[in-house]
Amino acid sequence: MRRHLILCAALALTVPLAGCTDAPEPRPTASPSTATAMRLVAFDSCDQLFADLRRAAKASVGPYGFSGGGRPELLDGAVRAAQGEASRMSSDAAPAFSGTNVHETAADEPDLVKTDGRRIVTVSQGVLRVVDVATRKETGRVDLGVQNAGQLQLLLTGDSALVLVPAGYQRGFVGNPAEIADGPQLLLVDLSGPPTIASRYQGEGQLVDARMTGATARIVLRTTPRIQFPDLPTVSDEKQRIAKNRDAIDSASADAWLPRWQVTDGAVTTTGKADCGRVSRPTEYSGGSLVSILTFDLARSTLGGGDPVTVAADGDTVYATATSLYLASDQRWRFESFAGRVARPAREETELYKFTFEGNQPPVYRAAGTVPGYLINQYALSEWETRLRVATTDPKTDRSAVRVLTEQNGELTQTGIVDGLGKGERIYSVRFVGARGYVVTFRQTDPLYSLDLSDPAKPAVTGELKITGYSAHLQPVGVDRLIGIGQEADGDGRTQGTQVSLFDVSDPANPRRLARYQIPGGHSDAEYDPHALLWWPASNLLVTPVSTWNGRDSKSVALGLRVTDDIQPAGEVSHPTATGYPSMIQRSLVAGNVLWTLSDAGLQASDLSTMTRLAWLAN
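Each value, and the rule that gives it
- Residues numbered from 1 in each chain as written.
- Predicted model: local features only at pLDDT ≥ 70, side-chain atom pairs only at ≥ 80, totals over all residues.
- Heavy atoms only, no water.
- Helix = DSSP H or I, 4+ residues; strand = E, 2+ residues; numbered from the N terminus.
- Expected span 1.5 Å × (residues − 1).
- Buried < 20%, exposed > 50% of the residue type's maximum accessible area, 1.4 Å probe, protein only.
- Arc of directions from axis to C-beta.
- Polar contact = N/O pair within 3.5 Å; in protein donor to acceptor, adjacent residues only side chain to side chain.
- Salt bridge = Lys/Arg side-chain N within 4 Å of Asp/Glu carboxyl O.
- Pairing = 2+ DSSP bridges.
- Axes fitted to C-alpha atoms, helices over the stretch in contact; angles between N-to-C directions.
- Disulfide = S-S within 2.5 Å.
- Parallel < 35°, antiparallel > 145°, perpendicular 65-115°, else oblique.
- Contact = heavy atoms within 4.5 Å.
- Nonpolar A, V, L, I, M, F, W, Y, C, P; charged D, E, K, R; others polar.

Some remarks on helix H3 (residues 238-251)
Spanning 14 residues, H3 covers 20 Å between terminal C-alpha atoms, matching the ideal 20 Å at 1.5 Å per step. Within the sequence span of H3, burial applies to Arg241, Ile242, Asn245, Arg246, Ala248 and Ile249. An end-on view of H3 places all buried positions within 155° of arc, on one side of the element. Turned more than 90 degrees from where H3 packs its buried face, Lys239 and Ser251 sit exposed. If you check the start of H3, you find a side-chain oxygen 3.1 Å away from the backbone N of Lys239, and it comes from Asp237.

And the structure:
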């Protein structure tokens, strides 16, 4: 498939290549003027690839290298969710165990804990462990041999677990480029007997996200070129620093941009790097990073190199279905301005790339486009009947919109728009359900907008509900019902604590709030990480972690709420304290008649009806 990213060039996706120039000041390509002007094409040759990446990098480099190590920090305070949620919109019989909270049920997402109904697998503090659901006892564990890494996550299929290890803590990028050992790792763990690491993939850069369909995992990595910028502690002039950094770019080896990896299977280690002939580019790019989509068949006993599809882009958000994967790239960082650097207008827009796949094959690039504004998270994207719906807030116009995009001749072309949502506010949550959409904006009050998206040429607002506070996440909890979890607020927009709202959206013209439950002074991880939320339809049970602080004491529990036409408390689960502080519960799941909750301190089994403790397994 990716063998045929080069096919893009043959599909009339032709954009003039910007070759090397002798001009002293590198000039960036002009930003596309419409949402359909961006395309993705293959480079004509490896020499052209390196020349164009070098030119783009020189135009975008700052006085201290590539800002943020190649992926500048976003200039908006909105937290990007580690999104996810699984919820069926019908009354189908519930499974015997809860799946991972994911956006699309056919595209599993990595998380801290997974279950197949007979065992629970967790990763914490560098250790993977397996717990038997029936006996509620640990049956195996393995030290993963990772250090200085962030939060580990995993995917589970059959007797294989894929552990995702984010990049280790960088020791700085000026004068000391990150070595491959600091990059992300993928560990294939065999669970058929005692847990054993069967294969270890070690790459470069940053782990963006991952999705799994069937037994095939697709991992998205973002890498920066291996360029050693000079350490100039006595030079404060930005023009001089940028000039020196451009010299370093010119001196970098031709393949400094190509991601490398190594794979260890038992005692055998092999190495590789991305094929320059399989790297593609949009109309404009920074040259400071590449994004690669790796494909791994977890039914196999080894990982291999992942057969990467690579794009010259700065991707940060992943959304996927059973057959498509979308990569979104927030471009707001491009307005950075330094003396001696090429002036450029702010790019308050988001780039979108669409890939499709079949079975365990690598993804094939299909189309690209841009939309004004930025996404709140992956829930702002939704594919329905081959079309992509995108919800964004545009700082230039100070309002939000939902656009419908259609793939046409290699472009994601806008076919319809509903604009003017929440003028003077920004989007706090989005949820698409079939032909309908729901958007929450907030500044002082919380308008919940109901949208009709059945006609891709004429999407429209059908109803609006204004209440105080806001919902940071919207979860379907049955037909024509939504739960909103967020914060209550006073009339001036000052938050007052966790708020759970139940909305009736059966009448698109008149969304109503049926009930709410408030925890004064509380906050919940589910507000920014939907993986933390559990909806168990078999017993109408919603479980969310809640932490409170009264000025003297802190409390952290998994709060159970019974949701019908009302919201009633169903009990609380707390974990033993760790090092004198309450253990913050991170995840909840159901297996049979048992509610399992996870914290850094351990794993607890509780009765699903009474929430009384049945077993405690300390880490």
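Comments concerning the pattern of salt bridges
Pairs can form between side chains of opposite charge once their charged atoms are near each other. For the structure on display, the rule yields 27 salt bridges. Between Asp159 and Arg118 there is a salt bridge, with the nearest N and O atoms lying 3.6 Å from each other. Taken together, the residues span a long stretch of sequence, with Asp159 in the loop between strand S6 (153-157) and strand S7 (160-165) and Arg118 in the loop between strand S2 (113-115) and strand S3 (119-124) at a distance of 41 residues. Classification of Asp159 as partly exposed rests on a relative accessible area of 35%. Taking the shortest distance from any N to any O, the salt bridge between Arg587 and Asp529 comes out at 3.1 Å. Remark: Asp529 occurs in the loop between strand S33 (522-523) and strand S34 (534-536) and Arg587 occurs in strand S38 (residues 585-591); sequence separation between them is 58 residues. In this pair, the class of Arg587 matches that of Asp529, namely buried. Via salt bridges that share partners, Asp116, Arg118, Arg119 and Asp159 belong to a single interconnected network.

Some thoughts on the sheet that holds strand S39 (residues 594-599)
Sheet strands pair by backbone hydrogen bonding; their relative direction is either parallel or antiparallel. Pairing within the open sheet is antiparallel, and its four strands lie in the order S38-S39-S40-S41. A single partner strand is all that each edge strand has here, and the edge strands are S38 and strand S41 (613-618). On average, each strand axis in the sheet is inclined to that of its neighbour by 20°, with strand direction left out of account.

A few points about the state of the cysteines
Two cysteines, two sulfur atoms, one covalent bond between them: this is a disulfide. Taken as a whole and assessed by the stated rule, the structure comprises one disulfide. Covalent S-S linkage joins Cys46 and Cys276, the inter-sulfur distance amounting to 1.7 Å. Disulfide Cys46 to Cys276: torsion about the S-S bond roughly 60°, handedness right-handed. Placement of Cys46 in helix H2 (residues 46-60) and of Cys276 in the loop between strand S13 (268-273) and strand S14 (279-281) is noted, with a sequence separation of 230 residues between them. Taking the relative accessible area as the measure of exposure, Cys46 reaches 28% and is therefore partly exposed.

What to know about the packing of H2 against H3
Contact geometry for H2 and H3: axes closest at 9 Å, N-to-C directions at 170°. Considered as vectors, H2 and H3 are oriented roughly antiparallel to each other. Between H2, through Arg54, Ala57 and Lys58, and H3, the contact on the second element is made entirely by Arg246, Ile249 and Asp250. For the contact of H2 with H3, the per-class residue count stands at two nonpolar, no polar and four charged.

Side note on the environment of Gly373
With respect to the helices and strands, Gly373 occurs in the loop between strand S20 (364-372) and strand S21 (381-384). A relative accessible area of 1% places Gly373 in the buried class. Those residues in contact with Gly373 that lie beyond four places of it in its chain are Glu348, Glu349, Thr350, Thr392, Thr393, Asp394 and Pro395.

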